[in-house]
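Listed below are the residues making up each chain.
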Amino acid sequence: MHLHIQPCVLCEIERVQYGRSVCGDCWQHLNIQPRCVTKQDIELIATTTYQYPINKIIQQFKYNHQLQYLRLFKDLLAHIQIPKVQAIVAMPISTARLHERGYNQAHLLAQLISNTHKIPIWAPIERMKEYSQKGQNRAERLTNIHQQFKIKPKQGIKYRKVVIIDDVVTTGSSIQALKTQLELLGCQKVYVICLAVV
Ligand SMILES: [Zn+2]
């Protein structure tokens with residue numbers, strides 16, 4: 001029998017069992033603590049707190065093309081309960097961001113859940129240009145963020161129960177803006193999952 005033994009995605013020294021991404025030592029060091037928190041009156045499920053070293057790992061994944069960390073994120077997502085939904089909605093990024101980065105990190109996470117749980121990915125909302133929010137007050141920032149999300153023209157199938165997936169949730173205002181648009185489309189239940197919450 002062929003054994004699929006892979007190196008640990010973090011230390012690269014230890015070998016890990018098939019299906020696992022990191023060795024026991026690295027896993028302990030990560031100090032993963034799944035949490036349920038409320039932001040902007042929205043309940044969200046986070047696989048862990050945004051803290052060292054997972055914050056650095058997520059930044060490497062997001063800005064530095066370190067896509068091998070998807071193996072680790074798959075393990076993190078396996079530690080939380082995925083709600084029973086009809087579709088997964090990845091937090092959209094603007095076309096400009098997509099070109100600059102080459103991928104939407106939230107979409108890659110959505111694919112992990114989609115593959116494991118056989119739930120389709122649904123992308124009915126697009127994100128317009130993301131302006132810098134520096135120098136704006138809170139009300140201006142909220143208006144700005146709500147204006148970034150638009151329902152795409154020509155919607156085919158519509159889902160009622162969905163889960164939003166995002167990598168990191170800080171204030172929750174982009175989640176709230178996306179949720180508002182999904183509700184306008186007729187969604188009755190919108191769950192939220194993120195890798196890490198601040
Ligand atoms: Zn390791």
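Residues numbered from 1 in each chain as written. Predicted model: local features only at pLDDT ≥ 70, side-chain atom pairs only at ≥ 80, totals over all residues. Heavy atoms only, no water.

A.B. asks: I'd like a rundown of the overall build of the protein, residues and numbers included.
C.D. replies: Scanning the protein from N- to C-terminus turns up seven helices and nine strands. Over its C-alpha atoms the protein spans a radius of gyration of 17 Å, differing by no more than 12% from the 16 Å that the globule rule assigns to 198 residues. Seen through its C-alpha atoms, the protein measures out along the principal axes to roughly 55 × 40 × 30 Å. For the protein, buried positions account for 46% of its 198 residues. Sequence-distant contacts in the protein: of pairs separated by 6 or more residues, those separated by 24 or more amount to 70%. If you sum the accessible surface of the protein, you get close to 11200 Å²; carbon and sulfur atoms cover 49% of it. Charged side chains in the protein number 25 positive and 13 negative. The centres of these two groups are separated by 5 Å. (Helix = DSSP H or I, 4+ residues; strand = E, 2+ residues; numbered from the N terminus. Rg over C-alpha atoms; globule rule 2.2 N^0.38 Å. Buried < 20%, exposed > 50% of the residue type's maximum accessible area, 1.4 Å probe, protein only. Contact = heavy atoms within 4.5 Å. Areas by Shrake-Rupley, 256 points an atom, 1.4 Å probe, with all protein chains shown as cover. Lys, Arg positive; Asp, Glu negative; His and termini not counted. Charge placed at Lys NZ, Arg CZ, Asp CG, Glu CD.)

A.B. asks: Mind laying out the nonpolar core, listing which residues take part and the relevant values?
C.D. replies: With 63 residues, the main nonpolar core has L72, F73, W122, V162, I165 and L182 as its most contacted residues. Element by element, the count of residues in this core is highest for strand β9 (residues 189-197), at seven residues. When residues of this core are assigned to domains, at least three fall in each of domain 1 (1-30) and domain 2 (32-197). The contacts of I165, once residues within four sequence positions are left out, are L77, I88, V89, A90, M91, A106, L109, A110, I113 and I193. (Core = buried A, V, L, I, M, F, W, Y, C linked by side-chain atoms within 4.5 Å. Domains from an automatic or database assignment.)

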